[in-house]
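Listed below, chain by chain, are the residues.
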Amino acid sequence: MNPQIIMAAGDPNSTDIWALANSPVLWICALGVFAVIFVQCVLYSRAAKKAAPHVDMPLNEVKESFRAGMVASVGPSLAVVLVAIALLALFGTPAVLVRIGLIGSAAAETGSASIAASTIGAELGGDTYTQQVFGVAFMAMSLSGAMWMISTLILTPLMKKGGASMSKRNPAMMALIPTAALLGAFAALTVAELPKSSIHAILVGISAACMGLCLLLSKTLNLKWLKEWALGISIIVSIVAAYFLHTA
């Protein structure tokens, strides 16, 4: 988006960012983003149903996988929504919907915005947070997100070719690498939370215990739905526990 189009909506030196943050241009962009996401969901769902017979996957398993993915996304999505609510005071509804709806990483978005604001001697949410600073910060967030997507478009085909080659040479290794990558990624995120405070360490233990209990009950009582809901339940329980621990 051209910065001149954004800045034409108001006074660059004004601290009333809401006149710019809630401009019709940004609302149109937000609606366009979610329209694209909706179309992608429909296309991917249809593609999965068409590909299922070729891998001997029954239609009922396809429906179960869709339901499991939908349920498993409730917990992480709730966490993103809570962070998005906190960002509304800085960037307004349209900008938050556009950025969080595409990337979902509040840390990356706020980091990009903070760096962009500091380069022109301003601070997000401070007395120097003018419409001009908002425009610069929002542009930095957009460019940062665009690089994520461009990198994904470029690297995904390359990784696919590498995965196909490795699966032919060593199928067992190719089966282990995705699992190891997931375990390593989530383990790194978990370990990074432990040194922050005793409350963080307690919450990690609570979430792990809740997840383990859900999986144990699911296996013992043969409750498939509980296995699907385990991630969401663990996140909700952790959020509630964090609230009481911080307010205690």
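Here the structure is a predicted model, which is why all the values come from computation and not from measurement. All residue numbers refer to positions counted from 1 along the written sequence of the respective chain. Given that this is a predicted model, residues contribute local features only at a pLDDT of at least 70 and side-chain atom pairs are listed and counted only at 80 or more, while totals for whole chains, interfaces and linings are drawn from all residues. Computation of side-chain values: all heavy atoms of the structure, hydrogens and water removed.

Asker: Would you explain the overall build of the protein chain in this entry?
Answerer: Scanning the protein chain for helices and strands turns up 10 helices and zero strands. Starting at the N terminus, helices and strands are each numbered in turn, a helix being any DSSP run of H or I of at least four residues and a strand any DSSP run of E of at least two. Counting from the amino terminus, the protein chain carries its helices and strands in the arrangement α-α-α-α-α-α-α-α-α-α. Contacts between residues were defined by any pair of non-hydrogen atoms, one from each residue, lying within 4.5 Å. Sequence-distant contacts in the protein chain: of pairs separated by 6 or more residues, those separated by 24 or more amount to 63%.

Asker: Just to check I follow, could you spell out a nonpolar patch on the surface for this structure?
Answerer: Together, Met147, Trp148, Met149, Ile150, Leu153, Ile154, Leu155, Leu158 and Met159 line one region of the surface with nonpolar side chains, adding up to about 940 Å² of accessible area. With respect to the helices, strands and loops of the structure, Leu153 is situated in helix α7 (residues 131-169). Exposure above 30% relative accessible area and the absence of a salt bridge qualify a residue for a patch, where like charges join within 9 Å and nonpolar side chains (Val, Leu, Ile, Met, Phe, Trp, Tyr) within 5 Å. Areas reported here follow the Shrake-Rupley algorithm with a probe of radius 1.4 Å; residue values treat only the protein chains shown as occluding. Throughout this description, the term salt bridge denotes a Lys or Arg side-chain nitrogen within 4 Å of a carboxyl oxygen of Asp or Glu.

Asker: Would you take a moment to explain the UniProt feature "transmembrane region" (unreviewed entry) in the protein chain for this structure?
Answerer: UniProt positions are given in the numbering used here, feature names are shortened, and annotations may be inferred rather than shown by experiment. Following the UniProt record, one finds the feature "transmembrane region" (unreviewed entry) at residues 25-45, 66-91, 133-159, 171-192, 198-217 and 229-246. Secondary structure across residues 25-45 comprises 100% helix and 0% strand; the distance between its end C-alpha atoms is 31 Å. Helix makes up 100% of residues 229-246 and strand 0%. Its end C-alpha atoms lie 26 Å apart.

Asker: Quick question: what am I supposed to make of the packing of helix α9 (residues 198-221) against helix α10 (residues 224-247) here?
Answerer: Angle between the axes and distance between the axes: these two values describe a pair of packed helices. Under this scheme, a helix contributes an axis fitted over its contacting stretch, all axes are lines through C-alpha atoms, and angles between N-to-C directions fall in the 0 to 180 degree range. At a closest axis distance of 8 Å, the pairing of α9 and α10 adopts a crossing angle of 155°. It follows from the interaxial angle that α9 and α10 lie roughly antiparallel. Handedness of the α9/α10 crossing: right-handed. Counted by class, the contact of α9 with α10 contains 17 nonpolar, five polar and two charged residues. Each angle is binned into one of four classes, with values under 35 degrees roughly parallel, values over 145 roughly antiparallel, values of 65 to 115 roughly perpendicular, and all other values oblique. If you view the pair so one helix is near and one far, a crossing is left-handed when the near helix is turned anticlockwise from the far one by less than a right angle, and right-handed when it is turned clockwise. For this classification, Asp, Glu, Lys and Arg are treated as charged, while Ala, Val, Leu, Ile, Met, Phe, Trp, Tyr, Cys and Pro are nonpolar and the rest, including Gly, are polar.

Asker: Would you mind showing me how to read the packing of aromatic side chains here?
Answerer: Within a pair of aromatic rings, the relevant descriptors are the distance that separates the centres and the angle that separates the planes. Only centres within 6.5 Å qualify two rings of Phe, Tyr or Trp (six-membered ring in Trp) as a pair; their planes then separate them into stacked at under 30 degrees, edge-to-face at over 60, and tilted for everything else. A complete count under the given rule lists two aromatic pairs for this structure. Relative to Phe138, the ring of Phe134 lies with its centre 6.1 Å away and its plane at 0°, an arrangement referred to as stacked. Here Phe138 and Phe134 lie together in helix α7, a separation of four residues that amounts to about one turn. Accessibility classification places Phe134 together with Phe138 in one group, the buried group. Their ring planes at 75° and their centres at 5.4 Å tell us that Tyr243 and Phe244 sit as a pair that is edge-to-face. When a residue's accessible area, from a 1.4 Å probe over protein chains only, is under 20% of the maximum for its type it is buried; when over 50% it is exposed; and in between it is partly exposed. Residue Phe244 is classed as exposed on the basis of its relative accessible area of 53%.

Asker: When you look at α9 in this model, what are you seeing that I'm missing?
Answerer: Residues three or four positions apart in an α-helix share a direction because the helix packs 3.6 residues into each turn. Between its terminal C-alpha atoms α9 stretches 34 Å, which fits the 34 Å expected from 24 residues at 1.5 Å a residue. Buried residues along α9 sit in contact with α10. A positive phi of about 55° marks Asn222, the residue just after α9. Any helix carries an expected span of 1.5 Å times its number of residues minus one.

Asker: Looking at this structure, how should I read unusual backbone geometry?
Answerer: Most peptide bonds are trans, and most residues other than glycine sit at a negative phi. Even without a glycine there, the phi angle at Asn222 is positive, about 55°. Taking the relative accessible area as the measure of exposure, Asn222 reaches 60% and is therefore exposed.

Asker: Which parts of the structure should I look at to understand the state of the cysteines?
Answerer: Working definition of a disulfide: a covalent bond connecting the sulfur atoms of two cysteines. A pair of cysteine sulfur atoms is labelled a disulfide when the two atoms are within 2.5 Å. The final tally for this structure, using the stated rule, is zero disulfides. There is no disulfide at Cys210, and the cysteine sulfur nearest it, in Cys214, is 4.3 Å away. A residue is classified by how much of its surface remains accessible, and Cys214, at 6% relative accessible area, is buried.

Asker: Whenever I open this one, the nonpolar core confuses me. Can you help?
Answerer: Side chains of a nonpolar character, in soluble globular proteins, are inclined to be buried together. With 20 residues, the main nonpolar core has Phe91, Val96, Ala113, Leu124, Tyr129 and Phe134 as its most contacted residues. When contributions to this core are tallied by element, the ones reaching two or more residues are α2 (18-21), α5 (74-102), α6 (106-119) and α7. Among the elements that make up this core, the one with the highest residue count is α5 (six residues). Residues grouped as a nonpolar core are buried Ala, Val, Leu, Ile, Met, Phe, Trp, Tyr and Cys residues, joined through side-chain atoms within 4.5 Å.

Asker: Please explain helix α3 (residues 24-51) as it appears in this structure.
Answerer: The terminal C-alpha atoms of α3, which comprises 28 residues, lie 41 Å apart, in line with the 40 Å expected from a rise of 1.5 Å per residue. Buried within α3 we find Leu26, Ala30 and Val33.

Asker: Would you mind showing me how to read a positive patch on the surface here?
Answerer: His is not counted, nor are the chain ends; Lys and Arg add positive charge and Asp and Glu add negative charge. The atom standing in for a charge is NZ when the residue is Lys, CZ when it is Arg, CG when it is Asp and CD when it is Glu. A contiguous patch of positive charge, built from Arg46, Lys49, Lys50 and Lys63, is present on the exposed surface. A total of three residues in the positive patch trace back to one element, the largest contributor, which is α3. Inspection of the secondary structure assignment puts Lys63 in helix α4 (residues 59-72).

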